[in-house]
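# An overview of the molecular structure
Now for the letters of each chain:
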Amino acid sequence: MSLITGNKGKIFAKDDIGRVRKAQEDSHGYKLGTPNGDLFVVCDGMGGHVGGATASRIAVDSIIDHIGREKYATPVEALDGALQFANMQILGHAD
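So, a few notes on the structure that sits alongside this text. (Residues numbered from 1 in each chain as written. Predicted model: local features only at pLDDT ≥ 70, side-chain atom pairs only at ≥ 80, totals over all residues. Heavy atoms only, no water.)

Right, let's get into the nonpolar core. A general feature of soluble globular proteins is that nonpolar side chains tend to end up buried together. Among the nonpolar cores identified, the biggest contains 12 residues, and these are Leu39, Val41, Cys43, Ala59, Val60, Ile63, Ile64, Ile67, Tyr72, Ala78, Ala82 and Ala86. The element contributing the most residues to this core is helix α1 (residues 52-69), with 5 residues. Once residues within four sequence positions are removed from consideration, Leu39 is found in contact with Gly29, Tyr30, Lys31, Thr34, Ile63, Ile64 and Ile67. (Core = buried A, V, L, I, M, F, W, Y, C linked by side-chain atoms within 4.5 Å. Buried < 20%, exposed > 50% of the residue type's maximum accessible area, 1.4 Å probe, protein only. Helix = DSSP H or I, 4+ residues; strand = E, 2+ residues; numbered from the N terminus. Contact = heavy atoms within 4.5 Å.)

Here it is, written out as structure tokens:
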């Protein structure tokens, strides 16, 4: 589980491995002031699969990169493009 919270202009993040896994595979990140507003991203790991932590980190970085590039008409449009971009980056890394 990952958590990002804010308090009077400060941002805090917390990770918790949970009770089942031995390693943290979730990733989180944020970017303030994108053309689409402030962005906070949390990506769940892959339940112990090999590369789960890497995949969630690539996903977070890719989503932030994609949404931070330009202004989108709607949040749905921004997320759709960002998720497709993240998927391509993960698949490219896996190859």
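Assignment of secondary structure puts Glu70 in the loop between α1 and α2 (75-94). Of the residues examined, Glu70 reaches a relative accessible area of 44% and is grouped as partly exposed. The spatial distance from the C-alpha of Glu70 to the C-alpha of Thr34 is 8.0 Å, given a sequence separation of 36 residues.

Next up on the list: α1. Along its 18 residues, α1 runs 26 Å from first to last C-alpha, staying within 8% of the 26 Å computed at 1.5 Å per residue. Those residues of α1 that fall on the buried side of the exposure criterion are Gly52, Ala55, Ser56, Ile58, Ala59, Val60, Ser62, Ile63, Ile64, His66, Ile67 and Gly68. Among the structural elements, β3 (27-34), β4 (37-43) and α2 are those in contact with the buried residues of α1. (Expected span 1.5 Å × (residues − 1).)

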